[in-house]
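# Examining the three-dimensional arrangement
The residues making up each chain are set out below.
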Amino acid sequence: MLEDEPGRTEVIVAGTGQSFGCGRDELILDAGLAAGLPLPHNCRGGACGTCKSEVLEGQVDHGWVMSFAISEEEKAAGKCLICQSKPLSDRLVIQPDNAMASPEEAPPAPIEATSTVLAAEPVTPSIRRLVIALPPGVRFRYRAGQHVEIRTEGVGRPRTYSIATAPDEQGEPPDGLLEFFIRRHEAGKASGWLHGDGRLGTPVAIHGPYGNFHLPRTADGPVLCLAGGSGLAPILSIARRALASSFAHPMTLVLSVRDRSEVFALDALHRLSRRHAGFSHVVTLS
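Here's what I pulled together on the structure shown here. Note that the structure is a prediction, hence the values are computed from the model and not measured. (Residues numbered from 1 in each chain as written. Predicted model: local features only at pLDDT ≥ 70, side-chain atom pairs only at ≥ 80, totals over all residues. Heavy atoms only, no water.)

What follows concerns the overall build of the protein. When you go through the protein residue by residue, the secondary structure sums to five helices and 16 strands. For a compact globule of 286 residues, the expected C-alpha radius of gyration is about 19 Å, and the protein comes in at 20 Å, within 12% of that figure. Considering only C-alpha atoms, the protein reaches an extent of 60 × 45 × 40 Å along its principal axes. Residues classed as buried in the protein amount to 47% of the 286 residues present. Expressed as a percentage of contacts within the protein between residues at least 6 apart in sequence, the contacts between residues at least 24 apart total 68%. Roughly 14000 Å² of accessible area belongs to the protein as shown, and the carbon and sulfur atoms make up 49% of that amount. (Helix = DSSP H or I, 4+ residues; strand = E, 2+ residues; numbered from the N terminus. Rg over C-alpha atoms; globule rule 2.2 N^0.38 Å. Buried < 20%, exposed > 50% of the residue type's maximum accessible area, 1.4 Å probe, protein only. Contact = heavy atoms within 4.5 Å. Areas by Shrake-Rupley, 256 points an atom, 1.4 Å probe, with all protein chains shown as cover.)

Here the focus is the side chain of S237. Mapped onto the elements, S237 comes out in helix 4 (residues 232-244). Beyond its immediate chain neighbours, meaning those up to four positions away, S237 contacts A144, G145, I163, A164, T165, A166 and P167.

Before going further, it helps to examine the nonpolar core. Judged by nonpolar contacts, the single largest core of 24 residues is most densely connected at F181, L232, L236, M251, L253 and F279. Elements with a minimum of two residues in this core: strand 14 (223-228), helix 4, strand 15 (251-257) and helix 5 (266-275). In terms of residues, this core owes the most to one element, helix 4, which gives seven residues. Leaving out residues up to four positions away in the same chain, L232 has contacts with A227, L253, L255, F264 and A265. Membership of the second largest hydrophobic core comes to 23 residues, among which are A31, L33, V65 and Y210. (Core = buried A, V, L, I, M, F, W, Y, C linked by side-chain atoms within 4.5 Å.)

Moving on to the sheet that holds strand 1 (residues 8-13). If you walk across this open sheet you meet the five strands as 2-1-7-3-5, and the pairing is mixed. Since the sheet does not close on itself, it has two edges, and those belong to strand 2 (18-23) and strand 5 (79-81), each with one partner. If you compare each strand with its neighbour and ignore which way they point, the axes differ by 40° on average. Across four bridges, the pairing between strand 1 and strand 7 (residues 91-96) is parallel. When the sheet's bridge partners are listed, I12 is paired in strand 7 with V93. (Pairing = 2+ DSSP bridges. Axes fitted to C-alpha atoms, helices over the stretch in contact; angles between N-to-C directions.)

So, on to unusual backbone geometry. Going from G208 to P209, the amide bond is cis rather than trans, its omega being 10°. In this structure, R44 takes a positive phi of about 60° despite not being glycine. Among the secondary structure elements, R44 is positioned in the loop between helix 1 (28-34) and strand 3 (52-57). Judged by relative accessible area, which is 7%, R44 ranks as buried. Even without being glycine, A265 reaches a positive phi, approximately 60°.

Right under this line is the structure:
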């Protein structure tokens, strides 16, 4: 027990021999990731259920979660989503439903950085391409398919956006640049701000990377990539990284959008098709 740290909880991950400290006002997943533990997670928004864990000892505040990710019956039976839960007891023992990543598959630890908007251009009526530059000297490492949180002006809770840029051999963004495709939602404050005029040169805070979505190292065979709208971003990052690494099997990417006005990133897809004989792409209209 962390007796020398008032207000903190000792969180033990059952069956692993690993533990970490967590503040009473801190999310369990955030504390674990900050301590370097590859706890299973993806959305970090209480919606996907990837981080669902059983509370074997102690109590938690469940916070805000989606009922389709965890039901009231599951919570009553001792389950929680650690991406939204905070500890209420001095000692907490949890057992994630999903396995923790192996050292080889473990994603990089998240960091915080203030970046600068270098490009903010509409590519369809509803999607804007955003490019941000990380500060010189900041080492941001990520895995193709991961996302970051972007904090925007006037929005208390940061929003998550997938990275379209492929990391280089060291897992870093080439030239310190990160590309995103941001869909504007009708009442979305964050996406509305990012779609606003005059964003060039604006500082934005990012936190990440997060997520377990990736192409496994053991992938051995043809790959079919399915993307819908702005969901192309993580798929494009994965395809770019795999092909740059001389992925030996055929890869087909299918992008589905509502109508012809929503088609985007054809230049990026065409470039991949020209450079790599094993890559092809198809665009469908729903």
